[in-house]
Every structure is written in structure tokens, then in C-alpha cells.
Amino acid sequence: DQQVKQNSPSLSVQEGRISILNCDYTNSMFDYFLWYKKYPAEGPTFLISISSIKDKNEDGRFTVFLNKSAKHLSLHIVPSQPGDSAVYFCAVTRGDGNDYKLSFGAGTTVTVRA
Amino acid sequence: DAGVIQSPRHEVTEMGQEVTLRCKPISGHDYLFWYRQTMMRGLELLIYFNNNVPIDDSGMPEDRFSAKMPNASFSTLKIQPSEPRDSAVYFCASSPRGADSNQPQHFGDGTRLSIL
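Residues numbered from 1 in each chain as written. Chains lettered and ligands numbered in written order. Predicted model: local features only at pLDDT ≥ 70, side-chain atom pairs only at ≥ 80, totals over all residues. Heavy atoms only, no water.

Caption draft 1: Here's a closer look at the overall build of chain A. Each helix and strand counted, chain A has 0 helices and 11 strands in total. Over its C-alpha trace chain A gives a radius of gyration of 14 Å, about what one expects of a compact globule, namely 13 Å for 114 residues. Across its three principal axes, chain A shows a C-alpha extent of roughly 45 × 30 × 20 Å. The 114 residues of chain A split such that 46% are buried. (Helix = DSSP H or I, 4+ residues; strand = E, 2+ residues; numbered from the N terminus. Rg over C-alpha atoms; globule rule 2.2 N^0.38 Å. Buried < 20%, exposed > 50% of the residue type's maximum accessible area, 1.4 Å probe, protein only.)

Caption draft 2: Examining the sheet that holds strand β6 (residues 56-59) of chain A more closely. Residues and elements named next belong to chain A. One open sheet holds the 5 strands; their spatial order is β1-β3-β8-β7-β6, and the pairing between them is antiparallel. Unpaired on one side and paired on the other, β1 (4-5) and β6 mark the two borders of the sheet. In this structure, β1 lies alongside strand β3 (residues 19-25), joined through 2 bridges in antiparallel fashion. Residue pairing across strands places Lys5 opposite Asp24, the latter belonging to β3. (Pairing = 2+ DSSP bridges.)

Caption draft 3: Inspection of the pattern of salt bridges at higher detail. Tallied over the entire structure, the rule returns 12 salt bridges over all chains. Across the pair Arg61 of chain A and Asp84 of chain A runs a salt bridge, and its minimum N-O distance is 2.8 Å. Here Asp84 of chain A lies in the loop between β8 (72-77) and β9 (86-93) and Arg61 of chain A lies in the loop between β6 and β7 (62-67), a separation of 23 residues in the sequence. Look at Asp84 of chain A and you get buried, because its relative accessible area is 3%. With a closest N to O distance of 3.2 Å, Glu62 of chain B and Arg85 of chain B form a salt bridge. Taken as a pair, Glu62 of chain B in the loop between β6 (53-56) and β7 (65-71) and Arg85 of chain B in the loop between β8 (74-79) and β9 (88-95) lie far apart in primary sequence, 23 residues in all. A cluster of three or more residues bridged by salt bridges with shared partners is formed by Glu62, Arg64, Glu83, Arg85 and Asp86 of chain B. (Salt bridge = Lys/Arg side-chain N within 4 Å of Asp/Glu carboxyl O.)

Caption draft 4: Broad picture of the interface of chain A and chain B. Each partner contributes residues to the interface: chain A has 18 residues there, and chain B has 21 residues. Its largest share of buried area at the contact with chain B, chain A owes to Tyr100, Lys101 and Phe104 of chain A, together 35% of the area lost on that side. The residue Asp56 of chain B makes a salt bridge to Lys101 of chain A at a minimum N-O spacing of 3.0 Å. Summed over the shared surface of chain A and chain B, the number is 4 residue pairs in polar contact (both at pLDDT 80 or more). Elements with a contribution of two residues or more to the side of chain A that touches chain B: β4 (32-38), β5 (45-51) and β9 of chain A. Top element by residues in the side of chain A that touches chain B is β4 of chain A. It accounts for 4 residues. (Contact = heavy atoms within 4.5 Å. Buried area = accessible area lost by both parts, 1.4 Å probe. Polar contact = N/O pair within 3.5 Å; in protein donor to acceptor, adjacent residues only side chain to side chain.)

Caption draft 5: Broad picture of the environment of Ser114 of chain B. Residue and element names in this part refer to chain B. With respect to the element layout, Ser114 can be found in strand β11 (residues 111-115). Ser114 sits 73 residues away from Arg41 along the chain, and the two C-alpha atoms are 17 Å apart. What Ser114 contacts, discounting residues up to four positions off in sequence, is Glu11, Val12, Thr13 and Ser87.

Caption draft 6: Up close: the nonpolar core. Counting 23 residues, the largest nonpolar core has Phe33, Trp35, Leu73, Leu75 and Tyr88 of chain A as its most contacted members. In this structure Phe33 of chain A touches Tyr25, Ile48, Ser49, Ile50, Ser52, Leu66, Leu73, Ala91 and Val92 of chain A, once residues within four positions along its chain are discounted. One finds Ile26, Leu32, Leu46 and Ile79 of chain B within the second-largest nonpolar core, a separate group that totals 21 residues. (Core = buried A, V, L, I, M, F, W, Y, C linked by side-chain atoms within 4.5 Å.)

Caption draft 7: View of the side chain of Gln6 of chain A. Residues and elements named next belong to chain A. Following the sequence through the fold, Gln6 ends up in the loop between β1 and β2 (10-14). A relative accessible area of 8% places Gln6 in the buried class. Among the polar contacts made by the side chain of Gln6, one reaches the main-chain carbonyl oxygen of Tyr88 at a distance of 3.0 Å. There is a polar contact of 3.1 Å between the side chain of Gln6 and the backbone nitrogen of Cys90.

Caption draft 8: Quick peek at the pairing of β9 of chain A. All names here are of chain A. With 7 of 8 residues buried, β9 is to be regarded as a mostly interior element. Note: β9 against strand β11 (residues 108-113), 3 bridges, orientation antiparallel. Note on β11: the bridge partner recorded for Tyr88 is Thr108. Note that β9 and strand β10 (residues 103-104) share 2 bridges and pair antiparallel. Paired with Val92 across the bridge in β10 is Ser103.

Printed below as a string of C-alpha cells:
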């Protein structure tokens, strides 16, 4: 029962261009959405998040968009840099004070070409 | 600031042996989470604690798995007896306030477990 889906296992983009990562979820009760970045042999590190009351959150080169009606979120990285090459996971949670579990997507491996 | 510390980083052992993974959360974080990452199932939550008390262990695969948090600065995940299908990377994470987007979970670098 996959509650979070990242349908693109990999993405290759040229340095300086935009990277767009997508994530779909099934449960409309989720109201916090996060993106984590993971390098090999390291743990995931928090990148950016958005709550359900917003449709966009921006932090430097990273922007997350939320479309609640479509149960879809995306992460835009612009411009992409070689150091952005990593696996990106989207994660969702209810965060309602009773359930602090994060459900993760399978991840998208981003490769930024010089 | 020290992050979440896990030990060992790598563990290789034979089937049937007991395995103990250790985690030291970030000081002041009330929530501690254990995750497992495999190719087949991705990153999945096994169990989490609040103030040293287990809150949800529904992700623990079977009775061979157990987790404890004897104090605020230490937790263990134990597998007894271990089986080859337990081979995975196990992550520990902590956060001040669950999974609130303003207080995200911080992950350790994981323990890569191989059961032969």
C-alpha cells in the first residue's frame, strides 16, 4: 500500500538548468510535506517543507509546490549545480499531534551534468 | 552541534546471531525514530518513541525485532535471531516535536547490516 509515489526513479539535468521532481500521495489527511536529500553512505537531510495551508514555499534555489486537489507536490531546483546530485525523497505526514509518522516515497536519483 | 550518532556503521554477521544497533539522538530531542531502507520497500518506519516511551511499533516486522530507549540519550534496536532478509540499512532519527514541518527529523548516517 504505497501512500507516496515518486514515479521517476532518475533524472539527469545539465548544470544551470532546472530540475523538477514530482511526488504524488493518496491520503487527503496528510498536511505536512517534506523533501529530503541523501548522499551515498549518509543519512537523509532535510531540504524544504510545506504545510497544507500553502501552495508554494521557496528557500534559495529550492521551491516546493503543493497542489492539494491533485494530491501532488513538486520540487524545483534552479539553477541545478553538481552538488545537487543525490537521491531526493518526498515525505508526508499528518502532523496533527496524534501521528508523527513520516511516509517516504521511493526516491528520485538526480544527476547534474557539467 | 553533534548530530544523531549511530553505531556500528557496518555490521556483518551470520544468520542466527543477535544483532544490536545503537543510536544517540540529538540532545533535547523528545522523539526518536528507527527506519529501515531496502531496495524492495524503500525507507520505512519501524518504531518511534516520545520521551523514551514507545508510541507506535506497528512497523516492526516481527517478534524477532525489539527496540528500547532506557534514557533520553540512548536507544537500541535488536534483532534476535537475525536472518538474511534483515540485511538493510537501518537509520535512526530524532526531532524536537515529531514530524512537524518546522521541526524536521534529523537522521544519523545509518548502520549497514549484512546477514550472511
